[in-house]
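Chain and residue survey
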Amino acid sequence: MYDFIEREDPEIFEALAGEEKRQAEGLELIPSENYVSRAVKEAMASSLTNKYSEGYPGKRYYGGQEFTDKVETLAIERAKQLFGASYANVQPLGGANANIAMYFALLAPGDTVLGMDLSHGGHLTHGHPVTYLTKIFNFVRYKMKNVETGEIDYDEMRRVAREVKPKIVLAGFSAYPRELDYAQFADIAREVGAVAVMDIAHIAGLIAGRAAKNPFDYGFDVMTSTTHKTLRGPRGGLILTRESEEIAKKIDKAVFPGFQGGPHMHQIAAKAIAFQEALHPAFAQYAKQILLNTKAMEAVFKKHGARMITGGSDNHLILLDVWSSIGISGGEAEILLDRAGITLNKNAVADDTRKPMDPSGIRFGTPAITTRGFREAGSARVAELMLEVLTKRDDAAVEHARQEVKILALAHPIPESLY
Ligand code: DSN
């Protein structure tokens, strides 16, 4: 692999070879990461990267679009089929781009969005003050009512919505381990005349595999997503619309020419392939196994009495308060586990008193190890190894875990195909 890079750019080759080895011999638990198929990788490395295709299929600003139109149309049709959408824009370069375009399509400067607080599981692009979005739009945040169960205070959300009159009621998260009550969101949005939008980036694969509820079935109007994470496609973004042609047109305009130039056609081909893979019955099995594996890990931490935010997980991720229950900070835990070959990320817990660069929690999940064929027993063993490292914290424990992690990883090679 990488023959030409090896010959022509040894420095980059060395880094790539190191990363290949790291991925093969370690266990990836960052819940937003996964392994794409060989077919997706081939598309990402294809000649489509050479092509400019500003516009949309049949309406481009450059010539030579015979094949790009075919690729983008296939991606759109497959995305619609996968999520039960009426419209799909497959051009956003990433999840943040998708959200930004969505805001500009649906809002005027100064308009209000009701979104989940970052420290309670939301995402930077849902209105965190560090983003430029907050200079343009007014973000009002909602939180969990009960951090130990994950319950969201829908009554309070409704009261606030009546008061601030948002134009968007935004659901979705990057660190929340429970299902949301979509009907409540949609009802609140309807009452105040807002558009109900769900950022499904983290759980798109679970929705596609019918292992999680589809917000469109509960009256949501728009869904934004990434195409990687649980969906197991290339890095990229996606915007889906259920019924309104008017909203779909605004979204198309906001993506191009509003925010982006030429779409990355190699990435769109890879998205089309990933959507096709996700339409296969084997993908539903995969999505179901993600949940079973998370439950197996949850059981280990429960038995140990470790504090999980919301008390556990109904999806692909767990948020563990290592500071209060194991006496180690999230930052230190991340480093120790990294040394053992277990990759995850430090993460703030709800209303964290520690700083973001060394918060109280760690966030991890099962999408990537499930792709490698891990089942419940293997997932539980990984959780036990994590606890062993975090409680003992000495070189011997790290080394012991590292050896076992390598054996487990090599016994579950990264697959080249879903089928
Ligand atoms: N970085 C992604 C995640 O890890 O959840 C979200 O942007």
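The present account deals with the structure reproduced in this document. Everything numeric here is computed off the predicted structure, so don't read it as measured data.

Description of the overall build of the protein
Helix and strand counts for the protein come out as 17 helices and 16 strands. For a compact globule of 419 residues, the expected C-alpha radius of gyration is about 22 Å, and the protein comes in at 21 Å, within 12% of that figure. Along the first, second and third principal axes, the C-alpha atoms of the protein reach 60 × 60 × 40 Å. Taking all 419 residues of the protein together, 57% fall into the buried category.

Observations regarding the environment of Y35
As for its placement among the helices and strands, Y35 is situated in the loop between strand 1 (27-28) and helix 3 (38-44). With residues up to four places along the chain from it excluded, the contact list for Y35 reads Q23, E28, R232, A368, T371, R372 and I414. In this structure the side chain of Y35 is engaged in a polar contact, spanning 3.2 Å, whose partner is the side chain of R372.

A short note on the pairing of strand 12 (residues 237-241)
Among the five residues in strand 12, five count as buried, and that is most of the element. Burial along strand 12 is two-sided: G237, I239 and T241 and L238 and L240, pointing in opposite directions, are all buried. In this structure, strand 4 (residues 87-89) lies alongside strand 12, joined through three bridges in antiparallel fashion. Within strand 12, the position partnered with A88 by the bridge is L240.

A closer look at the sheet that holds strand 15 (residues 345-347)
The three strands are arranged 13-16-15 in an open sheet whose pairing can be described as antiparallel. Edge positions in the sheet fall to strand 13 (317-321) and strand 15, since each of these pairs with one other strand and no more. Ignoring strand direction, the axes of neighbouring strands in this sheet form an average angle of 35°. Bridge analysis of strand 15 against strand 16 (residues 361-365) gives three bridges, and the strand direction is antiparallel. Residue pairing in the sheet places N345 in a bridge with R363 of strand 16.

Side note on the site of the ligand
Lining the immediate environment of the ligand, one finds S32, H123, S174, H202, K229 and R363. Interatomic distance of 2.6 Å between a side-chain N/O atom of S32 and an oxygen atom of the ligand. Relative to its unbound accessible area of 230 Å², the ligand is 63% covered by the protein chains. Of the residues contributing to the shell around the ligand, the split by class is no nonpolar, four polar and two charged.

Here we look at unusual backbone geometry
Of note, the amide linkage connecting F256 to P257 takes the cis form, showing an omega dihedral of 10°. Tracing the chain through its elements places P257 in helix 10 (residues 245-259). One non-glycine residue with positive phi stands out, namely R210, at about 60°. Summarising the element assignment, R210 is placed in the loop between helix 9 (204-208) and strand 11 (222-226). Note on R210: relative accessible area 60%, which makes it exposed. Positive phi, normally seen in glycine, also occurs at K229, with a value near 50°. Along the chain, K229 turns up in the loop between strand 11 and strand 12.

Quick notes on the sheet that holds strand 11
Taken in spatial order, the seven strands of this open sheet run 4-12-11-10-9-5-6, and their pairing is mixed. Among the strands making up the open sheet, the edge pair consists of strand 4 and strand 6 (138-142). For this sheet the average axis-to-axis angle between neighbouring strands, irrespective of direction, equals 20°.

Some thoughts on the nonpolar core
Core analysis: the largest hydrophobic core is formed by 68 residues, its most contacted members being F83, L180, M198 and L240. Broken down by element, this core gets its largest block of residues, eight residues, from helix 11 (residues 265-279). Discounting chain neighbours no more than four positions away, the residues touching F83 are I200, A204, I207, A208, N214, F216, M223, L231, L238 and L240. Membership of the second largest hydrophobic core comes to 36 residues, among which are L344, I362, V405 and A409.

A closer look at empty space enclosed by the protein
Applying the stated criterion across every chain yields a total of one cavity of 30 Å³ or more. Along its surface, the largest cavity is lined by Y35, V36, S37, R232, E277, T371, P415, E416, S417 and L418. A per-class count over the lining of the largest cavity returns four nonpolar, three polar and three charged.

Remarks on the pattern of salt bridges
Pairing between side chains of opposite charge can happen when the charged atoms of each approach one another. Tallied over the entire structure, the rule returns 35 salt bridges. D358 is paired through a salt bridge with R354; the nearest N and O atoms lie 3.0 Å apart. A relative accessible area of 26% places D358 in the partly exposed class. When its relative accessible area of 25% is taken as the criterion, R354 is described as partly exposed. Through salt bridges with shared partners, one network takes in R158, R162, D187, R190 and E191.

Details of helix 11
In an α-helix, one turn spans 3.6 residues, which is why side chains three or four residues apart end up on the same side. Compared with the 21 Å implied by 1.5 Å per residue over 15 residues, the 21 Å span of helix 11 between its first and last C-alpha is a close match. Along helix 11, the residues classified as buried are M265, H266, Q267, I268, A269, A270, K271, A272, A274, F275, E277 and A278. The inward-facing, buried residues of helix 11 contact helix 3, strand 3 (59-60), helix 4 (66-83), helix 9, strand 12 and helix 12 (281-304).

What about the packing of aromatic side chains?
According to the stated counting rule, one finds 14 aromatic pairs in the structure shown. Note on Y103 and F137: the rings are 6.1 Å apart at their centroids and 45° apart in plane angle, and the pair reads as tilted. Note that Y103 is positioned in helix 5 (residues 95-106) and F137 in the loop between helix 6 (133-136) and strand 6, a separation of 34 residues in sequence. Each of the two residues, Y103 as well as F137, counts as buried. Taken together through their ring pairs, the aromatic side chains of Y142, Y154, Y182, F185, Y218 and F220 make up a single cluster. Sitting over the ring of Y218, K213 keeps its end group 5.4 Å from the ring centre. In this arrangement the basic side chain of R232 is found over the ring face of Y286, its NZ or CZ atom lying 4.3 Å from the centre.

Conventions and cut-offs
Residues numbered from 1 in each chain as written. Predicted model: local features only at pLDDT ≥ 70, side-chain atom pairs only at ≥ 80, totals over all residues. Heavy atoms only, no water. Helix = DSSP H or I, 4+ residues; strand = E, 2+ residues; numbered from the N terminus. Rg over C-alpha atoms; globule rule 2.2 N^0.38 Å. Buried < 20%, exposed > 50% of the residue type's maximum accessible area, 1.4 Å probe, protein only. Contact = heavy atoms within 4.5 Å. Polar contact = N/O pair within 3.5 Å; in protein donor to acceptor, adjacent residues only side chain to side chain. Pairing = 2+ DSSP bridges. Axes fitted to C-alpha atoms, helices over the stretch in contact; angles between N-to-C directions. Near = heavy atom within 4 Å. Areas by Shrake-Rupley, 256 points an atom, 1.4 Å probe, with all protein chains shown as cover. Nonpolar A, V, L, I, M, F, W, Y, C, P; charged D, E, K, R; others polar. Core = buried A, V, L, I, M, F, W, Y, C linked by side-chain atoms within 4.5 Å. 1 Å grid on protein atoms, 1.4 Å probe; cavity = no way out; pocket = protein on both sides within 12 Å on 5 of 7 lines; lining within 4 Å. Points joined across faces, edges and corners; volume = space filled by probe spheres on them. Salt bridge = Lys/Arg side-chain N within 4 Å of Asp/Glu carboxyl O. Expected span 1.5 Å × (residues − 1). Phe/Tyr/Trp six-rings, centres within 6.5 Å; stacked < 30°, edge-to-face > 60°. Lys NZ or Arg CZ within 6 Å of the ring centre and 35° of its normal.

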